[in-house]
Amino acid sequence: MKDLLKIAIQKSGRLHEESVKMLREAGIDLSTGPNKLRAEAYNFPLEVLFLRDDDIPQYVEDGVADAGIVGENIIYEVRKKIKLVEKLRFGKCRLAIAVPKNMQYNNLKDLRGKKIATSYPSILSEFLKTHKVNAKIETVSGSVEIAPGVGLADAICDLVSSGSTLFANGLKEVELVLQSEAALVSSTKLNSVKSEILKKLLFRFRAVKKSRHNKYILLNAPNNKLDIICKILPGMKSPTILPLAEKGWSSVHSVVNEEKFWEIIEKLKENGAQGILVIPIEKMVL
Ligand code: ATP
Ligand code: ZN
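What you are looking at is a predicted structure, and each value in this text was computed from that prediction instead of being measured.

How each quantity is defined
Residues numbered from 1 in each chain as written. Chains lettered and ligands numbered in written order. Predicted model: local features only at pLDDT ≥ 70, side-chain atom pairs only at ≥ 80, totals over all residues. Heavy atoms only, no water. Helix = DSSP H or I, 4+ residues; strand = E, 2+ residues; numbered from the N terminus. Rg over C-alpha atoms; globule rule 2.2 N^0.38 Å. Contact = heavy atoms within 4.5 Å. Areas by Shrake-Rupley, 256 points an atom, 1.4 Å probe, with all protein chains shown as cover. Lys, Arg positive; Asp, Glu negative; His and termini not counted. Charge placed at Lys NZ, Arg CZ, Asp CG, Glu CD. Near = heavy atom within 4 Å. Polar contact = N/O pair within 3.5 Å; in protein donor to acceptor, adjacent residues only side chain to side chain. 1 Å grid on protein atoms, 1.4 Å probe; cavity = no way out; pocket = protein on both sides within 12 Å on 5 of 7 lines; lining within 4 Å. Sits in = over half its atoms within 2 Å of the grid points. Domains from an automatic or database assignment. Buried < 20%, exposed > 50% of the residue type's maximum accessible area, 1.4 Å probe, protein only. Pairing = 2+ DSSP bridges.

Of the regular secondary structure elements, the chain holds 8 helices and 15 strands. In terms of overall size, the chain is more extended than a compact globule, its C-alpha atoms giving a radius of gyration of 24 Å where 286 residues would be expected to give roughly 19 Å. When its C-alpha atoms are laid out on the principal axes, the chain stretches across 75 × 60 × 35 Å. Partitioning the contacts of the chain with sequence separation of at least 6, the portion at a separation of at least 24 is 70%. Surface exposure of the chain reaches about 16000 Å², of which carbon and sulfur atoms provide 51%. Across the chain, the centroid of the 44 positively charged side chains sits 3 Å from that of the 34 negatively charged ones.

Bringing the site of ligand 1 into the picture now. Close to ligand 1 lie 16 residues, the nearest being R14, R52, D54, N73 and S161. Q10 is positioned with one of its side-chain polar atoms (N or O) 2.8 Å from an oxygen atom of ligand 1. In the model, an oxygen atom of ligand 1 is placed 2.6 Å from a nitrogen or oxygen of the N73 side chain. The cavity that encloses ligand 1 is the largest pocket. Formed jointly, the shell around ligand 1 draws a minimum of three residues from each of two domains, domain 1 (5-91 + 181-211) and domain 2 (93-180).

Take the pairing of strand β14 (residues 249-257) next. In terms of burial, β14 is largely enclosed, as 8 of its 9 residues are buried. Both strand β12 (residues 214-222) and β14 contribute to a ladder of 9 bridges, which runs antiparallel. Residue pairing in the sheet places Y216 in a bridge with V255 of β14. Both strand β13 (residues 240-243) and β14 contribute to a ladder of 4 bridges, which runs antiparallel. Among the inter-strand pairings, T240 is bridged to a residue of β14, identified as H253. Where β13 hands over to β14, the hairpin turn is made up of 5 residues, of which G248 adopts a positive phi near 85 degrees.

Below you can see the structure in the form of C-alpha cells.
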C-alpha cells in the first residue's frame, strides 16, 4: 500500500476554502477530478477527504482519516480520542450565551432554572457545572437563534463571530463560553511513515502561519539614526543594513509582526526613516 497521509477537511461551509488555501500555500497541489469526496496531491504524499465538519473527529479517531482540520468547538464537543496538533488561526469564532434583548441580565445566576437551546450540549453542560448553575439544556441541531423567539427556550448558546445574527434575532450576548479557531488534529495511532508526513505538513503549516502574520520591510535611513532605527525594528535576528550610493545613508531590511505594524511604522518615521516599503512574505521558514 502506498504510504499517504489522509487528511479530512470540510466539504463545504465556513472552513472549506481556508482549509484548501492552507494546503495550497503549503505548496500542495490537489487534483480536482470529478470525484468530490477525495483528492490526491500531486507533489506531496497526501490524500484529502471532504467531509461534514461534525464527522471529522470520528473519522480521525477510527483511523479512516489520519488527520483533519476542524473547529475547536467541534473537537471539544464530541470528545473523541484524537490529538490537537496545531491551531491554525482561521475560522475564529466564539461559543456564547445570548438572551432576549429585553431580559434583565446581571450574571450567570439569572440563568438558573432557565431553558437554554444549543447544538453544543456537552460544552454547555460542562460550563454550567463549573459555574454551579442549574439550567435545562435543549439540544437543537440548527437555527438555534430562533429558539427564544418561538418559545422553545429562554436563552441560547451558539457560535458567534460578528454578532449580527444575534442582533437580527433580538438577542444580546451575555457570556463567553469558549473561544474557537480551526485546528489541525491527528490520530493518536499513526505509524512512523505517517508521523513523518504529518511532521512535514506541520512544518509547512507553521511557515504559512508565520508568513501571514509578518511583513518584510525596507527603508532608507541616515547613518546617524541607524542605532535607534535598529532598536525599533524587532526582526528575526538583527536587521540587514546595506550602504546606499548616496553617502551617509543606508538601506535597512527587516521583518515586522502585523500586530505591532502601524506602531512601528510611526516610530520609524519619527526617527528619520524614509522611503518605507512593506512587502508581503510568501513563506517564512525559521
Ligand atoms: P457541515 O455541513 O460541514 O456540518 P456546518 O453548517 O456545521 O457545516 P459551518 O457553518 O460551515 O458548519 O461552520 C464550520 C465551522 O466554522 C464551525 O464549526 C466553527 O468552527 C467555524 N465558524 C467560524 N465562524 C463561525 C460563525 N460565525 N458561525 C458558525 N461557525 C463559525
Ligand atoms: Zn457541521
